[in-house]
Amino acid sequence: MAASASASSKCINVFWHDGMMSHDTGKGVFDTGMDPGFLDVLEKHPENLDRVRNMLSILRRGPISPYISWHSGRPALSSELLSFHAPEYIDELIEADKAGGKMVCSGTFLKPGSWDAALLAAGTTLSAMKHILDRHGKIAYALVRPPGHHAQPTQADGYCFLNNAGLAVQLALDSGCAKVVVIDIDVHYGNGTAEGFYQSNKVLTISLHMNHGSWGPSHPQNGSIDELGEGEGFGYNLNIPLPNGTGNKGYVYAMTKLITPAIQKFVPDMIVLVAGQDSSAFDPNGRQCLTMDGYREIGRIIHNLADRHSSGRLLIVQEGGYQVTYSAYCLHATLEGVLDLPLPLLPDPVACYPEDEAFSLKVIESVKRYQNDVIPYLKGT
C-alpha cells in the first residue's frame, strides 16, 4: 500500500493491512456465536468487518483524508510476541489454529484466518511504533483488528488474542525509552496491558472505563481504584472506573483532574493512546455517553500532553467501537483533536446526548482523593 503525500504539515501515519479482514467472527446472539433456532435474523458478532471497513473509508474519503499518510503493516514474528506473552500461551494459539480454531474464552473465537489476522494486528502495531522510534513521523495510528488490550501474557480475553499495545510499549522500552504512558479510553478496563506491566515503574498504565468489574475467569481483574500495581510497579496502574452514563464533561474532567497531573509527575518519553469508540453514547457494548465533541476534546488533550512531555511522539492503537456508523465518526473526531485542528471537520449526525455529569464529577473527585492519599508521587497534586 503506497503512502500518500499529506496536504498539510500536520500528519497522522496510518498503518493498515487488508489481511486483518480474514478474521471472521461469525453470527449469533450478540457475541455468543449461538443460534437458538427460533430467530430469523442472527446479528454479526460485535467485532466484525463492517466496523473497521467504515473506519477505513472515513479516513480515506472523509474530510480528514488530506492529513492521512498510509503505510502497510506486516505480521509479527514469533520472537516478537515473546516480549509480552508467555511461550506456552503462544503455542496454545498456534495449536488451536492448526486444529481449525476454537472458542478460546467467552465471546472470543479463533477461526480459520484469525491467527494470521492477529499476527498482522500485532506486527502492524509494532511497525507503527517503530515508525515513531525511527523518527519518520511523530504520530502513528495502528488501525488493527482483532483488538488486543484484554489479552494478558498468558491468556486471551474479550475478543483479544495478542496485546498489540503491550507489544509496542515493550518495543519502545527495548529501544531506549525510559518511561511510557498508556492512556486507555476504551469503555472496558485495559486489563491485559495492565497485567503485563503490573510490576513495572517504567510504564504508567491509565484506564478510563465504565465500572463493570470482573466478567469471569478470562477477566479476573475488577478495574477498581485499588488495583494499583505491585512491587516497583505500585502506583503505576491507575484505574478510573466511571459510573454508567458518564459523557463528555465527565471524561474531560477526568482527563484534566486525574490523567494530566499523573503524567506531569511521571514525565514519559512516549505516549500510547489505546482508543476505543465503545465509550460512545450508542455503542451496544458500553453504557457511556461520549459524543464526537467529547472524543475531539480528548484527542486535543492527548495532543497537548504529547507536545509537552514526549516531543509530540504519540502512538494510537485501535481497540473497541462496535456501533458500525458512529464508531467511525467518533474515530474521525478523535483524530481531529489529536491534530489540534481549529474547527471540526465533520458535524455530528446525532448532535447531542443528554448527560447528567453531577454524579460522575463526584466519583472522579473521590478517585482523586484516594490516589492522593495512597500513591506517593501523587500526594499534593
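Residues numbered from 1 in each chain as written. Predicted model: local features only at pLDDT ≥ 70, side-chain atom pairs only at ≥ 80, totals over all residues. Heavy atoms only, no water.

### Notes on empty space enclosed by the protein
Space left empty within the atom packing is revealed by a probe, the size of a water molecule, rolled over the atoms. Going by this rule: Here a cavity is any set of points on a 1 Å grid over the protein atoms alone where a 1.4 Å probe fits but cannot get out, and a pocket is any open set with protein on both sides within 12 Å along at least 5 of 7 lines; a residue lines the site when it has an atom within 4 Å of a point. Grid points are joined across faces, edges and corners, and a volume is the space filled by probe spheres set on the points. Every helix listed is a DSSP run of H or I at least four residues long, and every strand listed is a run of E at least two residues long, numbered separately from the N terminus. Just so you know the grouping, Ala, Val, Leu, Ile, Met, Phe, Trp, Tyr, Cys and Pro go in nonpolar, Asp, Glu, Lys and Arg go in charged, and all remaining residues, Gly too, go in polar.
Considering all chains together, one arrives at 3 cavities of 30 Å³ or more under this definition. By volume, the largest cavity amounts to about 60 Å³. Lining the largest cavity, in full, are Val-182, Asp-184, Tyr-189, Gly-190, Thr-193, Ala-194, Thr-205, Ile-206, Ser-207, Asn-237, Leu-238 and Asn-239. Of all the secondary structure elements, the ones that give two or more residues to the lining of the largest cavity are strand 8 (180-184), helix 6 (191-196), strand 9 (203-210) and strand 10 (237-242). Of the residues in the lining of the largest cavity, the class split is 5 nonpolar, 6 polar and 1 charged. The calculated volume of the second largest cavity comes to roughly 40 Å³. Together, Lys-257, Leu-258, Pro-261, Ala-262, Lys-368, Gln-371, Asn-372, Leu-378 and Thr-381 line the second largest cavity. Of all the secondary structure elements, the ones that give two or more residues to the lining of the second largest cavity are helix 7 (248-266) and helix 10 (358-374).

### Notes on the packing of aromatic side chains
Just so we agree on the cut-off: By convention, a stacked pair of Phe, Tyr or Trp rings (six-membered ring in the case of Trp) has centres within 6.5 Å and planes under 30 degrees apart, an edge-to-face pair has planes over 60 apart, and any other such pair is tilted. Note on classification: 1.4 Å probe, protein chains only; a residue is buried when its accessible area is under 20% of the maximum for its type, exposed when over 50%, partly exposed between these limits. In our convention, an over-ring charge means Lys NZ or Arg CZ found within 6 Å of a ring centre and within 35 degrees of that ring's normal.
The final tally for this structure, using the stated rule, is 5 aromatic pairs. For the ring pair Phe-282 and Tyr-326, a centre distance of 5.5 Å and an interplane angle of 80 degrees mean the geometry is edge-to-face. Placement of Phe-282 in the loop between strand 11 (270-275) and helix 8 (292-309) and of Tyr-326 in helix 9 (residues 326-338) is noted, with a sequence separation of 44 residues between them. Taking the relative accessible area as the measure of exposure, Tyr-326 reaches 3% and is therefore buried. Here the aromatic residues Tyr-236, Phe-266 and Tyr-377 are joined through ring pairs into a cluster of three or more. The positively charged end of Arg-60 is found above the aromatic ring belonging to Trp-70, 5.1 Å away from the centroid. If you follow Lys-179 out to its NZ or CZ, it ends over the ring of Phe-266, 5.2 Å from the centre.

### Comments concerning the layout of surface pockets
The space that makes up the largest pocket amounts to roughly 330 Å³. Around the largest pocket, the lining is made up of 23 residues, and of these Asp-31, Gly-158, Tyr-159, His-188 and Trp-215 lie nearest the centre. In the lining of the largest pocket, the residues fall into 8 nonpolar, 10 polar and 5 charged. In this structure, the second largest pocket spans a volume of roughly 240 Å³. Tallying contributions element by element places helix 8 first for the lining of the second largest pocket, with 3 residues. Looking at the lining of the second largest pocket, its residues break down into 6 nonpolar, 5 polar and 3 charged.

### So, unusual backbone geometry
Residue Pro-146 follows Arg-145 across a cis peptide bond; omega there is -5 degrees. Assignment of secondary structure puts Pro-146 in the loop between strand 7 (139-142) and helix 5 (164-174). We note that Arg-135 has phi near 65 degrees; this positive angle belongs to a residue other than glycine. Its identity as a non-glycine residue notwithstanding, Asp-340 has a phi of 55 degrees, on the positive side. In this fold, Asp-340 is placed in the loop between helix 9 and helix 10.

### Brief notes about the side chain of His-71
Definition in use: We call two N or O atoms a polar contact when they sit within 3.5 Å, provided that within protein one can donate a hydrogen and the other can accept it, with sequence-adjacent residues counted only if both atoms are side-chain atoms.
Tracing the backbone through its elements, the reader meets His-71 in strand 4 (residues 68-72). There is a polar contact of 2.9 Å between the side chain of His-71 and the side chain of Asn-13.

### So, helix 7
Our working rule: Multiply 1.5 Å by the residue count of a helix minus one, and that product is the helix's expected span. Two axes define the bend at a residue: one fitted to the seven residues ending there, one fitted to the seven starting there, and the bend is the angle between them.
If you check helix 7, its first and last C-alpha atoms are 25 Å apart, about what 19 residues at 1.5 Å a residue would give, namely 27 Å. At Ile-259, helix 7 shows its largest bend, some 35 degrees, and a proline, Pro-261, comes one to four positions later. Residues of helix 7 that are buried: Asn-248, Gly-250, Tyr-251, Ala-254, Met-255, Leu-258, Ile-259, Thr-260, Pro-261, Ala-262, Ile-263 and Phe-266. Looking one or two residues beyond helix 7, the residue adopting positive phi is Val-267, at roughly 55 degrees.

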